[in-house]
Amino acid sequence: MQGSMNARRMAYVAMCVVLMAICSWITIPATVPFTLQTFAVLLVCDLLGGRWGLVSVLLYLLLGAVGFPVFSGFSGGLGHLLGMTGGYILGFVLSALVMALMQRLLPRRRVFTLLSMALGLLACYAAGSVWFMQVYTQTKGAISLGAVLSICVVPYLIPDAIKIVLACLISERLRAALHL
């Protein structure tokens, strides 16, 4: 029985990695592209739970780092991760860690799920914005935090709030259907 549970969990992790890749390809170009990538990360981390959600995110990043075209615009490679928007992608690890911690500390209720997703996304915004500011400053010159936030965060607040709600609702239904 243990072997079938491990195989099942590995299949779920693999499907979630594929889901993150597919969602990253659904893109509206911008300085930081509008994608469904954040939706997929939040959904995966809630659906699989802390440890396995984190494993899925790490595998996704590993695939992208070695060159598989799993990031927005069908891109991949270390250069993409080290570019101006790479901090937001790397920030998905922080999102997964925040969500995992909150899942351990709080009961599984919708309000706490929404809160953990929001705080996970906030951690991603923070990491990505600091990274963007650093890389931008090194390559183009100084930029203020306010400018970075107005370019990289503010335009995404409403779409990301919608993604949080949808990820929460879909995760609840999938967990029930998949008996997770």
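This text gives an overview of the structure that appears in the document. (Residues numbered from 1 in each chain as written. Predicted model: local features only at pLDDT ≥ 70, side-chain atom pairs only at ≥ 80, totals over all residues. Heavy atoms only, no water.)

1. Quick look at the packing of helix α3 (residues 50-65) against helix α5 (residues 86-105)
Two quantities define a packed helix pair, namely the angle between the axes and the distance from one axis to the other.
Argument step 1. Where α3 meets α5, the axes come as close as 9 Å, and the angle between the chain directions of the two elements is 175°. As far as their axial angle goes, α5 and α3 are roughly antiparallel. Packed against α3, whose contacting residues are G50, L54, V57, L58 and L61, the element α5 presents I89, L90, F92, V93, A96, L97, A100 and Q103 at the interface.
Argument step 2. Residues of the contact of α3 with α5, tallied by class, amount to 11 nonpolar, two polar and no charged. (Axes fitted to C-alpha atoms, helices over the stretch in contact; angles between N-to-C directions. Helix = DSSP H or I, 4+ residues; strand = E, 2+ residues; numbered from the N terminus. Parallel < 35°, antiparallel > 145°, perpendicular 65-115°, else oblique. Contact = heavy atoms within 4.5 Å. Nonpolar A, V, L, I, M, F, W, Y, C, P; charged D, E, K, R; others polar.)

2. Quick notes on empty space enclosed by the protein
In this approach a probe as big as a water molecule rolls over the atoms, and the regions it shows empty are the leftover space.
Argument step 1. Under the criterion given, the structure shown has one cavity of 30 Å³ or more.
Argument step 2. Put simply, the largest cavity is a space of about 240 Å³.
Argument step 3. For the largest cavity, the lining is made up of 19 residues, of which V32, P33, Q37, T38 and Y88 are closest to its centre. (1 Å grid on protein atoms, 1.4 Å probe; cavity = no way out; pocket = protein on both sides within 12 Å on 5 of 7 lines; lining within 4 Å. Points joined across faces, edges and corners; volume = space filled by probe spheres on them.)

3. A short note on helix α8 (residues 157-178)
Argument step 1. Here α8 spans 31 Å end to end across 22 residues, near enough to the 32 Å set by a 1.5 Å rise per residue.
Argument step 2. Turning to α8, its buried residues number three or more, namely D160, K163, I164, A167, C168, S171 and R175. All buried residues of α8 lie within an arc of 135° about the axis, which places them on one face of the element. Of the residues in α8, the exposed ones pointing more than 90 degrees away from the buried face are I158, R173, A176 and A177.
Argument step 3. Within two residues after α8, H179 carries a phi angle of roughly 60°, on the positive side. (Expected span 1.5 Å × (residues − 1). Buried < 20%, exposed > 50% of the residue type's maximum accessible area, 1.4 Å probe, protein only. Arc of directions from axis to C-beta.)

4. Observations concerning the side chain of Q37
Argument step 1. Locating Q37 in the fold gives a position in helix α2 (residues 37-48).
Argument step 2. Taking the relative accessible area as the measure of exposure, Q37 reaches 6% and is therefore buried.
Argument step 3. If we ignore the near neighbours within four places in the chain, the residues touching Q37 are C23, S24, Y60, F71, I89 and F92.

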